[in-house]
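# Chain and residue survey
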Amino acid sequence: MKVDTVIINAREIATVSSGGKAKYGKEMSDAGIIKNAGIAIKDGKIIEIADSKVIEDKYSWDMMIDASGKIITPGFVDSHSHPVFVHTREDEFAMRLEGKSYVDIALAGGGIRSSIASVLAASEEELVELSIPRIEKMIALGTTTLEAKSGYGLTTESELKQLRAIQKLDDIMPIDIIPTFMGAHEYPAEYKDDHEAFIKILIEEMIPAVMEQGIAKFCDIFTEAHVYSIEESRRILSAAKEAGLQLKMHADEIESIGGAELAAEMGCISADHLGAASDEGIKAMKEAGVIPVLLPATLFSLRSKTYARGRKMIEEGLPVAIATDYNPGSCNCDSMPLTMSIASLQMGLSPVESLCAATINAACALGMEDSVGSLEAGKLADLIIWDMPSLNFIPYHLGSSHILRVMKRGKTIHLAQ
Ligand code: NIG
Ligand code: FE
């Protein structure tokens, strides 16, 4: 059979195969390794992964990549990011080093609110232009599928503009970018003492306008003591669900206020952050099938002493995922390899558990497990070729990149110099 591309002689391919579903508990310790392996690719999809000799004998090809001595993993699925903004907020980082907390800074008018005016003033084209180099860096670090949220608009038109920018980025960038509406990211300053009025705008104007525009796949909300309460979140999420959006939550990031429990009650596809999630919340998520998306780089950047209880969640049988949370405020981290390092070092995930969390379980958090997140026949040929001695090297190494090549749908989208 003639294919487009074969990759041969890989020392190891970590397929992370799971039969198209999330990995739970001990399954997260199995990277699905095939040694001396090859891959046949046609029309952007994987036709077969097998012993390299089998691939060489069975197929002819237009292009052959010799991966002698190299390791191949699935491309990363970064299932939580906020990459569409105008200015960076490194001064808040310096303020945190002087002892101010993220919440103190937000309540004093910094934080998300300080990102709103510049997004409002920017054109859709400017938002796209500013985001391209950020996403190019993520691609160079192995991200082949990226979820991206609005939420720096907070007016109907500015939110729709951010979502259009995300759609444009999906069109022009070589990776898949999945849009999430996050109009409930903060209360605009003028509504800080009148939540009811802004909730009315969210439910009666923004969600219908977002549905009419037809770009967003998910609706997310920042449920936390200083922003959206449980009761407020329930109303907004119910309206989004009724309108037809799948639900995500920023839940129990800093304080345990019942966010994980609400994610279970609402049937969210994922609950994200969970730095302070309660035992009851973890149990409720398991029963309801909510995927925990842990964002350890955020708590690292916030100088937190504690992290989400990833180990406990794995031991309780939850399909833990990890993501960068790349944003201008709490976490300016674009690197899935560094996120794996922090997941391992601060939450105790083994290197292989971190890899499963960054690939197949993350794909499940986007409802995309049929097409991405593992290397299996029929799925997209989204992969990373690494120059490193073993899989453990990914979280072990801190700093420079050991990625040689990133492929999306069988095409090379990044090649190391
Ligand atoms: O996920 N938690 C809420 N939203 C972002 C922070 C965004 C910002 O500070 O600009 C987060 O951490
Ligand atoms: Fe976030």
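Residues numbered from 1 in each chain as written. Chains lettered and ligands numbered in written order. Predicted model: local features only at pLDDT ≥ 70, side-chain atom pairs only at ≥ 80, totals over all residues. Heavy atoms only, no water.

### Details of the coordination of the iron ion (ligand 2)
Within the first shell, the iron ion (ligand 2) binds the protein through H80 (NE2), H82 (NE2), H250 (NE2) and D325 (OD), at distances of 2.1 to 2.2 Å. Sequence spacing of the donors to the iron ion (ligand 2): H-x1-H-x167-H-x74-D. Within this pair, whereas H80 is found in the loop between strand 6 (76–78) and helix 2 (90–97), its partner D325 is found in the loop between strand 13 (321–322) and helix 13 (336–347), the two being separated by 245 residues in sequence. As far as the burial class goes, H80 and D325 line up, both buried. (Donors = N, O, S within 2.8 Å, 3.2 Å for Na, K, Ca; no water. Helix = DSSP H or I, 4+ residues; strand = E, 2+ residues; numbered from the N terminus. Buried < 20%, exposed > 50% of the residue type's maximum accessible area, 1.4 Å probe, protein only.)

### Details of the pairing of strand 14 (residues 383–386)
In strand 14, alternate side chains face the same way, and those of L383 and I385 on one face and I384 and W386 on the other are all buried. Bridge count for strand 5 (residues 71–74) against strand 14 is 4 bridges, and the pairing is antiparallel. Each bridged residue has a counterpart across the sheet, and for T73 the counterpart in strand 14 is I384. Examined bridge by bridge, strand 14 and strand 15 (residues 403–408) share 4 bridges and lie antiparallel to one another. Bridge pairing in strand 15 places I385 opposite R405. (Pairing = 2+ DSSP bridges.)

### Side note on the side chain of D334
Along the chain, D334 turns up in the loop between strand 13 and helix 13. For the buried D334, which has no salt bridge, the nearest side chain bearing the opposite charge is K137, at an N-O separation of 6.0 Å. Once residues lying within four places of it in the same chain are set aside, the contact partners of D334 are K137, M138, L141, T324 and Y326. (Lys, Arg positive; Asp, Glu negative; His and termini not counted. Salt bridge = Lys/Arg side-chain N within 4 Å of Asp/Glu carboxyl O. Contact = heavy atoms within 4.5 Å.)

### Structural notes on the side chain of N361
Counting through the fold element by element, N361 comes out in helix 15 (residues 360–365). Here the side chain of N361 touches K23 through a polar contact of 2.7 Å, landing on its backbone nitrogen. For N361, the residues in contact, after removing those within four places along its chain, are A22, K23, M28, I291, P319, V320, A321 and C356. (Polar contact = N/O pair within 3.5 Å; in protein donor to acceptor, adjacent residues only side chain to side chain.)

### Observations concerning the site of ligand 1
Every one of the 15 residues lining ligand 1 counts as a neighbour, but Y102, Y152, H185, D325 and S330 are closest to it. In this structure, an oxygen atom belonging to ligand 1 sits 2.8 Å away from a side-chain N or O atom of R89. Between ligand 1 and D325 there is a distance of 2.8 Å, counted from an oxygen atom to a side-chain nitrogen or oxygen. In isolation ligand 1 has 320 Å² of accessible area, and contact with the protein removes 100% of it. Grouping the amino acids of the shell around ligand 1 by side-chain chemistry returns 4 nonpolar, 8 polar and 3 charged. (Near = heavy atom within 4 Å. Areas by Shrake-Rupley, 256 points an atom, 1.4 Å probe, with all protein chains shown as cover. Nonpolar A, V, L, I, M, F, W, Y, C, P; charged D, E, K, R; others polar.)

### Focus on unusual backbone geometry
At L274, a residue that is not glycine, the phi angle is positive and equals roughly 60°. With respect to the element layout, L274 can be found in the loop between strand 11 (270–273) and helix 10 (279–288). By relative accessible area, L274 is classed as buried at 1%. For D325, which is not glycine, the phi dihedral falls at a positive 65°. Since its relative accessible area comes to 2%, D325 is described here as buried.

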